[in-house]
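# Remarks on the overall topology
Given next are the chains, with one letter for each unit.
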Amino acid sequence: MNPAAATVSILIFFGSLILIFSEKINRSIVAIAGSMLMIIVGRAMNFYSEEAAIEAIDFSTLGLLLGMMILVAMLEPTGFFEYLAVLAARASRGQPIRLFFLLGSITTVLSMFLDNVTTVVLIAPVTILISEILGISPLPFLVTEALLSNTGGVATLVGDPPNVLIGSAAGLSFADFLIYSMPIVAVTWVGTLFLLRYLFRKELSRRPRNAKAVMRLNPAETLNHPKTARRILIVLCGAILFFFIHHLLHIEPFLVAMGAAATALIWVQPDINEVVKKVEWSVLIFFGALFVMVGGLEHAGVLEAIVDLMRGAASIDPVLFGVILIWVVAALSAVVDNVPITIALIPVIHGLGEAGMDVRPLWWALAFGAGFGGNGTIIGSTANIIVTNLSEKTRTPITSSLWMKRGLPVMLVACAIASILYTIIYRWF
Amino acid sequence: MIISKHMKRNVVSIHATASVREAAAIFVKKHIGLLPVVDDDDKPIGIVSLKDLLSLELPDFVSFIADVDFVHDFGAVETTRPPARVLDKSVKSLVKPAITVEEEDGLLRAYALMLQHDLHDIVVISKNGRLSGIASRVDIGTAILSAWEEVD
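Values in this document were obtained by computation on a predicted structure and should not be read as measured data. (Residues numbered from 1 in each chain as written. Chains lettered and ligands numbered in written order. Predicted model: local features only at pLDDT ≥ 70, side-chain atom pairs only at ≥ 80, totals over all residues.)

### A few points about the overall build of chain B
Scanning chain B from N- to C-terminus turns up 6 helices and 6 strands. The N-to-C order of helical and strand elements in chain B reads β-α-β-β-α-α-α-β-α-β-β-α. Projected onto its principal axes, the C-alpha coordinates of chain B cover approximately 55 × 40 × 25 Å. (Helix = DSSP H or I, 4+ residues; strand = E, 2+ residues; numbered from the N terminus.)

What follows is the structure, encoded as structure tokens:
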């Protein structure tokens, strides 16, 4: 290892992370600038090159994200999300508690397979509409949707960007997530739902002023293009099916996602410019640039240094280490973006593995911490920020102090449940 | 064709110190869609539109949703009234900057400004900046059309 190269690459990486966390400059801009600086300095100091930088980009992660983004971008304008919310409203017959469980469940299931942000962006406005029609406060529903979309996202490989990163770094399949993550998330989800039911007991016990009006919402009219919606859903279900068995067929998840996107595009033939506009390019650029920076660290020999540092830590009890990891990552994710945290910790866990620790359970600890931690504060996840912004347009805005009383307990309970289950089932990992 | 020949001169306005409640009462009494807000010198400092007042009752959430055709009954929203604290606020809380034209300005300039800013009525001011009249799209549009009668 070249100490000068290692120091400079660490300075660039952590300097960029600090700028990203300070939120003074847009995270994608920081990442692009940081990654280019890493390549230029790497060339000058002879530890990094253009070829090495391109090799460092994990295109299978980007492909998986892009494929899912294209599918969601196509599904979004069909009105399918509104359709589900309206069905929930009718099924609830205007009873707030039933509506709470139904909307909560829909959000969880959608965010298991689709991007959390998209799920919330599409479900929250209809939720406000339904609440206004009923004459009740949308607040419990909005907070619950954000919290449960974060929770649901932890369950699957494609549910949350940190999971995509962890899956790719650790070579975990979709089925691995179903076996190891889904059961813990399922228990956490039930706990979260009933905890929120209790925390919002006062709001949910209010009688709606006009419960009958929701029965006059017509779900059929929410679907602008029923045929398109049906086709995309068929493709999406096919993709999910392939996700379940991709490891048996030796297909990379990115091929499943991009293959599904290609099938849907061919079948529906939408206006490609409209679809492309809805893809979150800034997220993909952010990921790509972070990969380039981490590649710089690797080539400067920083990761080997981490492995050496970790030799001491490798003797720590892995169960205890995992539980500590859940809480530390959760605390960090509650205040800053969980994607850079995950990217920064992946080499550390790899280092521990090479130093001799059995790190398989630690990947799950990282996923739980990054996923559940986002519930802790009003800025913990993008979903939280979106529902807060939307609620500011209603008569009952979500405040930081309200989030402390509703979101923080959810995060603590989720991390506690995850820690207990993690400790119990650790030996099966 | 200049605007001052086709505008309404008998303009109702409200002073900047009035409340939202007082403004709403004038809209109801005079059956109007736009109310200029003026200072002590009768100079317009802005406008309040019927649309802005109605947004207090039909909140922004309607604009979040691309289509509302599936909503056949607005339920509790129909009977929701803005809270007293909102009605007792100064009318300034709803004021938007006034797009104005001068009395000597042409009809097409006025009409183009109304299209650009999505206005149904436009405020006309005198040379010294005082409120002098108000013209609707119908006033301006029919005035323009009237010239067509001279075409052979």
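### With respect to the overall build of chain A
From N to C terminus, chain A includes 21 helices and 0 strands. Against the 2.2 N^0.38 benchmark of 22 Å for 429 residues, chain A shows a C-alpha radius of gyration of 22 Å, consistent with a compact globule. Counting only C-alpha atoms, chain A reaches 70 × 45 × 45 Å along its principal axes. Put simply, chain A has 429 residues, and 55% of those count as buried. (Rg over C-alpha atoms; globule rule 2.2 N^0.38 Å. Buried ≥ 20, exposed ≤ 12 C-beta atoms within 10 Å, placed from the backbone.)

### Comments concerning the environment of Ala146(A)
Positionally, Ala146(A) belongs in helix H8 (residues 139-153). For the pair Ala146(A) and Ser381(A), spaced 235 residues apart in sequence, the C-alpha to C-alpha distance is 8.5 Å.

### Some points on the interface of chain A and chain B
At the junction of the two partners, chain A supplies 23 residues and chain B supplies 15 residues. When its residues are assigned to classes, the side of chain A that touches chain B shows 12 nonpolar, 6 polar and 5 charged. (Contact = placed C-beta atoms within 7 Å. Nonpolar A, V, L, I, M, F, W, Y, C, P; charged D, E, K, R; others polar.)

### Considerations on the packing of helix H2 (residues 27-44) of chain A against helix H15 (residues 281-299) of chain A
Residue and element names in this part refer to chain A. At their nearest, the axes of H2 and H15 sit 8 Å apart, and the two run at 30° to each other. As summarised for this structure, H2 and H15 are arranged roughly parallel, according to the angle between their axes. You can see that H2 and H15 cross each other, and the crossing is left-handed. Touching Arg-27, Ser-28, Ala-31, Ile-32, Gly-34, Ser-35, Met-38, Ile-39 and Gly-42 of H2 are Ser-282, Ile-285, Phe-286, Ala-289, Leu-290, Val-292, Met-293, Gly-296 and His-299, all from H15. Residue composition of the contact of H2 with H15, by class: 10 nonpolar, 7 polar and 1 charged. (Axes fitted to C-alpha atoms, helices over the stretch in contact; angles between N-to-C directions. Parallel < 35°, antiparallel > 145°, perpendicular 65-115°, else oblique. Left-handed = near helix turned anticlockwise from the far one by under 90°.)

### Looking at the sheet that holds strand E4 (residues 100-102) of chain B
Residues and elements named next belong to chain B. The strand order across the open sheet formed by 3 strands is E4-E5-E6, and the pairing between neighbours is mixed. This sheet does not close on itself; its edge strands, each paired only once, are E4 and strand E6 (131-136). Averaged over all pairs of adjacent strands, the angle between their axes in this sheet comes to 35°, without regard to strand direction. Taken together, the 5 bridges between strand E5 (residues 121-125) and E6 define a ladder with antiparallel strand orientation. Along E6, the bridge assignment pairs Val-123 with Ile-134. (Pairing = 2+ DSSP bridges.)

### Considering the sheet that holds strand E2 (residues 34-38) of chain B
Residue and element names in this part refer to chain B. Across the sheet, 3 strands lie side by side as E1-E2-E3; this open sheet has mixed pairing. In the strand order of this sheet, the two ends are held by strand E1 (14-15) and strand E3 (44-49), each with one partner. Bridge count for E1 against E2 is 2 bridges, and the pairing is parallel. If you follow His-15 over to E2, its bridge partner there is Val-38.

### A look at the nonpolar core
Leu71(A), Ala85(A), Ile326(A), Leu366(A) and Val387(A) are the most contacted members of the largest nonpolar core, which totals 155 residues. No other element matches the 12 residues that helix H4 (residues 59-75) of chain A contributes to this core. In this structure, Ala85(A) is in contact with Leu103(A), Ile123(A), Val126(A), Thr127(A) and Ile130(A), ignoring residues within four places of it in sequence. One finds Ile3(B), Val20(B), Val48(B) and Val124(B) within the second-largest nonpolar core, a separate group that totals 30 residues. (Core = buried A, V, L, I, M, F, W, Y, C linked by C-beta atoms within 7 Å.)

### Brief notes about helix H21 (residues 400-425) of chain A
Residue and element names in this part refer to chain A. In a regular helix each residue adds 1.5 Å, so 26 residues correspond to 38 Å; H21 covers 35 Å between its end C-alpha atoms and thus fits that length. Helix geometry: H21 is bent most strongly at Gly-407, by close to 30°, with proline Pro-409 lying one to four residues after it. Along H21, the residues that are buried comprise Trp-403, Arg-406, Gly-407, Val-410, Met-411, Ala-414, Cys-415, Ile-417, Ala-418, Ser-419 and Tyr-422. Where H21 is buried, its residues meet H8, helix H10 (174-199), helix H17 (318-335) and helix H19 (360-373). (Expected span 1.5 Å × (residues − 1). Bend = angle between axes of the 7 residues up to and from the residue.)

### Comments concerning the packing of helix H1 (residues 3-22) of chain A against H15(A)
Residues and elements named next belong to chain A. Taken N-terminus to C-terminus, the directions of H1 and H15 make an angle of 155°; their axes are 9 Å apart at the nearest point. With respect to their mutual orientation, H1 and H15 come out roughly antiparallel. The crossing of H1 and H15 is left-handed. Mapping the contact onto sequence places Ser-9, Ile-10, Ile-12, Phe-13 and Ser-16 in H1 and Met-293, Gly-296 and Leu-297 in H15.

### Here's the deal with unusual backbone geometry
Positive phi, close to 65°, is recorded for Asn46(A), a residue that is not glycine. Relative to the helices and strands, Asn46(A) is located in the loop between H2 and helix H3 (50-56). Of note in the backbone geometry, Asp42(B) takes a positive phi value of approximately 65° without being a glycine. Checked against the element boundaries, Asp42(B) lands in the loop between E2 and E3.

### Concerning the environment of Arg216(A)
Residue and element names in this part refer to chain A. With respect to the helices and strands, Arg-216 occurs in the loop between helix H11 (201-204) and helix H12 (226-245). According to the C-beta neighbour criterion, Arg-216 is partly exposed, with 14 such atoms within 10 Å. A C-alpha to C-alpha distance of 45 Å links Arg-216 and Phe-287, two positions 71 residues apart in sequence.

### A look at H17(A)
Residues and elements named next belong to chain A. Taking 1.5 Å as the rise per residue, H17 with 18 residues should run 26 Å; its terminal C-alpha atoms sit 26 Å apart, in good agreement. Listed in full, the buried residues belonging to H17 are Pro-318, Gly-322, Val-323, Leu-325, Ile-326, Val-329, Ala-330, Leu-332, Ser-333 and Ala-334. Taken together, the buried residues of H17 touch helix H18 (338-354), H19 and H21.

### What to know about the pairing of E2(B)
All names here are of chain B. Burial of E2 is extensive: 5 of the 5 residues sit out of reach of the surface. Residues Leu-34, Pro-36 and Val-38 line one face of E2 and the alternating positions Leu-35 and Val-37 line the opposite face, and both faces are buried. In this sheet, E3 lies alongside E2 in antiparallel orientation, the contact comprising 5 bridges. Looking across to E3, one finds that Pro-36 is bridged to Ile-47. Between the antiparallel neighbours E2 and E3 lie 5 residues, among them Asp-42 with a positive phi of about 65°.

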